[in-house]
Structures are given as structure tokens and as C-alpha cells.
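Residues per chain, in single letters:
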Amino acid sequence: MVRSGEHYAQLERDLPGAAGRGEIVALFQPQYSLATGAIVAAEALSRWIHPHFGVISPSEFIPMAERLGLADRIGDAMLRIGCDAARDWQKRGHEIEVAVNVSILQLRSRKIVDTVARLLKDLSLSPRLLTLEVTESTPLANVPEAADTLRDLSELGVNISVDDFGAAYSSREQVIALPATELKIDQALVQEPVGDDSEELARAVEFGKARGMRLVAEGIETVEQLERVRALDCDRGQGFLLSRPTTKADLDVMLVSDGRIDQDH
Ligand code: C2E
Ligand code: MG
Ligand code: MG
């Protein structure tokens with residue numbers, strides 16, 4: 001959405017207090033096991049519910065937060081929301097992993113390691129129920145501390161995922177250098193038209209498999225795309241075809257009603 005300079009300035013004034021006022025919330029998008037069709041994980045996707053402007057997308061306010069030095073504040077709020085949800089599902093008898101997006105800027109210091117360790121301890125949450133998704137939209141090379149911080153995080157036992165793999169910035173060398181356990185294949189690859197040169201998806205899958213990584217295909221919008229990632233033996237699928245990002249309350253209902261992928265798919 002294009003905003004006037006005045007709107008923009010207002011958002012910049014309001015963002016520092018947004019998390020404290022409870023305006024940063026999460027929608028959860030389920031991830032399905034492609035082997036069983038069951039929901040096995042959910043990605044927490046942030047939204048800013050602004051009292052005047054309404055719902056603001058993360059593509060708009062996350063870059064703003066990073067520019068204003070608020071990446072940790074928003075990031076901590078999302079870690080809390082994600083861990084609370086995983087804990088709540090566990091209490092209800094559902095072992096659902098929660099994936100939280102982490103900005104590279106949050107990896108500049110070890111503070112995030114303490115934050116995650118404390119959350120896991122306070123909530124008695126098993127670390128394997130938490131996945132941290134890291135996007136390479138900021139080149140990792142620009143944040144030299146990131147690899148060490150990620151190593152400390154992975155030593156806590158949480159899963160580390162490389163988000164948007166195959167998109168513009170991501171480089172294979174960087175993935176190799178990281179303690180990542182999951183590759184999340186970018187929707188551009190998942191949605192690539194099938195034809196003579198539609199090999200990128202297969203190559204990405206092969207790359208992850210060779211390293212023993214869990215493979216998640218995101219942005220699945222059609223039955224053909226679902227069949228394709230299943231045929232390539234991806235582990236998990238996420239996308240509008242299967243489910244849109246939804247409120248936690250709606251996902252609670254889906255879990256109780258065992259919302260598997262339709263047999264027709
Ligand atoms: P992402 O982590 O790659 O998340 C997937 C995005 O693709 C989400 O957009 C989701 O709604 C959308 N999506 C899911 N399935 C489909 C599909 O089938 N087709 C299409 N066209 N899109 C699909 P969303 O929620 O707008 O988030 C955009 C990006 O903002 C995320 O991309 C992530 O990089 C970032 N983001 C979201 N929440 C956070 C957060 O809490 N912290 C940080 N640092 N970044 C976040
Ligand atoms: Mg993500
Ligand atoms: Mg992604």
C-alpha cells in the first residue's frame with residue numbers, strides 16, 4: 001500500500017510503542033506433512049493492528065522496524081507469541097511446531113539466545129517445537145556475528161530454517177556455513193512453470209536432501225504444485241491451497257477437527 005508522507009511519519013511515531021500496547025499480533029499458517037496430510041507445524045506471521053490505519057502487513061512495518069532500531073522489540077514480541085501458542089497447543093494435546101521469522105538484525109547480538117532460552121525454560125517448552133526462520137534478505141555477510149549467534153541458538157536445540165531459499169539473495173555457500181536444519185523453498189521456485197527449464201525446484205530439493213535438511217515447500221497455490229513437491233519428496237507443504245494464514249482460534253478448531261489435506265489433493 002502506498003502511503004502519504006504524513007501517514008508514514010505517523011506510523012514511524014507509533015511503531016516504537018506498538019508491541020507494548022499489544023498491537024503486534026500473529027496469524028498462523030499451517031504446514032502439512034506431505035506424507036500423512038496432517039498439520040505438523042504453523043508459521044507465525046506478524047501483523048500490526050494499528051488503531052487508526054487497521055491491519056498493516058509485515059512487508060511494510062518490519063523494514064520500518066529494522067530502520068528504527070526496533071527489530072529486537074518486535075522480534076521478542078513474536079517469539080513470545082509463537083512460544084505461547086506452541087505451549088498452548090501442547091497442553092491441548094497437539095504437538096505442533098511453531099516457526100517464528102527472525103530478522104538478521106536480531107542476530108547481531110547474543111541477546112536473542114538468552115531470550116529464547118528463557119522462554120523455553122519459563123514455558124517448559126521443548127526446543128524442538130520451535131523453529132527460527134532466517135531470511136537472507138540482508139546478506140549474511142553484512143552481519144558477521146550472525147553465524148555464531150545461530151550456532152548458539154541451535155545448541156539450545158531449536159530448529160534453524162533458511163527461509164526463501166532460491167530467492168534473489170540466498171546463496172548456497174551461506175547456507176552451507178550455517179547450522180541450518182531446514183530449507184524453506186521460496187514460492188518462486190514452487191510456482192515455477194513446468195517446462196524444459198523448470199529444474200530450479202528439483203535442484204533446490206536435491207541440495208537440501210544432500211545435507212540431510214528438512215524440506216518445506218511454501219507458496220503452494222495449485223494442485224499441480226502440490227503434486228510436484230510431493231513427487232520430489234519434500235517433507236512439508238504450506239500455501240494458500242492448503243490454508244491461508246489464520247487466527248490461532250481458527251487453527252485450534254482445525255486441529256480438533258483434524259484438518260488434513262483433502263484426500264482429493
Ligand atoms: P515469509 O516468511 O516467506 O512468509 C510467507 C509469506 O507468504 C506470508 O506473507 C504468507 O502470507 C505468504 N503466503 C503463504 N502462502 C502463500 C501462497 O500460497 N501464495 C502467496 N502468494 N503467498 C503466500 P506475509 O504474512 O505478508 O509475510 C511477508 C514476509 O514478512 C514474510 O515472508 C517474512 O519474511 C516477513 N515477516 C512476517 N512476520 C515476520 C516477523 O514476525 N518477523 C520478521 N522479521 N519478518 C516477518
Ligand atoms: Mg517465513
Ligand atoms: Mg518465505
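Before any of the text, the structure's been laid out above.
Residues numbered from 1 in each chain as written. Chains lettered and ligands numbered in written order. Predicted model: local features only at pLDDT ≥ 70, side-chain atom pairs only at ≥ 80, totals over all residues. Heavy atoms only, no water.

For the rest of this paragraph, the subject is the coordination of the magnesium ion (ligand 3). Each protein donor to the magnesium ion (ligand 3) is listed here as Asp163 (OD), Asp164 (OD) and Glu218 (OE); together their distances run 2.0 to 2.3 Å. Between the magnesium ion (ligand 3) and the magnesium ion (ligand 2), the interatomic distance is 4.1 Å, and Asp163 donates to each metal, bridging them. When its relative accessible area of 22% is taken as the criterion, Asp164 is described as partly exposed. (Donors = N, O, S within 2.8 Å, 3.2 Å for Na, K, Ca; no water. Buried < 20%, exposed > 50% of the residue type's maximum accessible area, 1.4 Å probe, protein only.)

Moving on, we come to the site of ligand 1. Around ligand 1 sit 22 residues, and of these Arg47, Asn101, Asp163, Glu221 and Phe240 come closest. Within the side chain of Arg47, one N or O atom sits 2.9 Å away from an oxygen atom of ligand 1. In the model, an oxygen atom of ligand 1 is placed 2.9 Å from a nitrogen or oxygen of the Asn101 side chain. Protein contact buries 82% of the 800 Å² of open area that ligand 1 shows by itself. Counting residues per element, the ones that place at least two in the shell around ligand 1 are strand E2 (39-50), helix H2 (58-67) and strand E6 (159-165). The leading source of residues in the shell around ligand 1 is E2, at four residues. Of the residues assigned to the shell around ligand 1, the class counts are seven nonpolar, eight polar and seven charged. (Near = heavy atom within 4 Å. Polar contact = N/O pair within 3.5 Å; in protein donor to acceptor, adjacent residues only side chain to side chain. Areas by Shrake-Rupley, 256 points an atom, 1.4 Å probe, with all protein chains shown as cover. Helix = DSSP H or I, 4+ residues; strand = E, 2+ residues; numbered from the N terminus. Nonpolar A, V, L, I, M, F, W, Y, C, P; charged D, E, K, R; others polar.)

A few words now on the pairing of strand E8 (residues 214-217). Neither face of E8 is left uncovered, since the one carrying Arg214 and Val216 and the one carrying Leu215 and Ala217 both have all their residues buried. Direction of pairing for strand E7 (residues 182-185) relative to E8: parallel, over a ladder of four bridges. Considered in E8, the bridge of Lys184 is made with Val216. The pairing of E8 with strand E9 (residues 236-237) spans two bridges and is parallel. Directly across from Val216, in E9, lies its bridge partner Arg236. In this view, the connection linking E8 to its parallel neighbour E9 by way of helix H9 (residues 223-231) has right-handed handedness. (Pairing = 2+ DSSP bridges. Right-handed = clockwise from strand over helix to strand, strands pointing away.)

Next up on the list: the environment of Ile185. Assignment of secondary structure puts Ile185 in strand E7. For Ile185, a relative accessible area of 0% gives the class buried. Not counting residues up to four positions away in its chain, the partners in contact with Ile185 are Phe165, Val190, Leu201, Ala204, Val205, Leu215, Val216, Ala217, Glu218 and Cys234. (Contact = heavy atoms within 4.5 Å.)

All right, on to the environment of Pro16 then. Tracing the sequence through the fold places Pro16 in helix H1 (residues 5-18). C-alpha of Pro16 to C-alpha of Pro193: the two residues are 177 residues apart in sequence and 42 Å apart in space.

The next thing to look at is the coordination of the magnesium ion (ligand 2). Taken together, the protein donors to the magnesium ion (ligand 2) comprise Glu43 (OE), Asn101 (OD1), Glu133 (OE) and Asp163 (OD), at separations of 2.0 to 2.2 Å. Written as a sequence motif, the donor arrangement for the magnesium ion (ligand 2) is E-x57-N-x31-E-x29-D. Overall, Glu43 belongs to the buried group, its relative accessible area being 3%.

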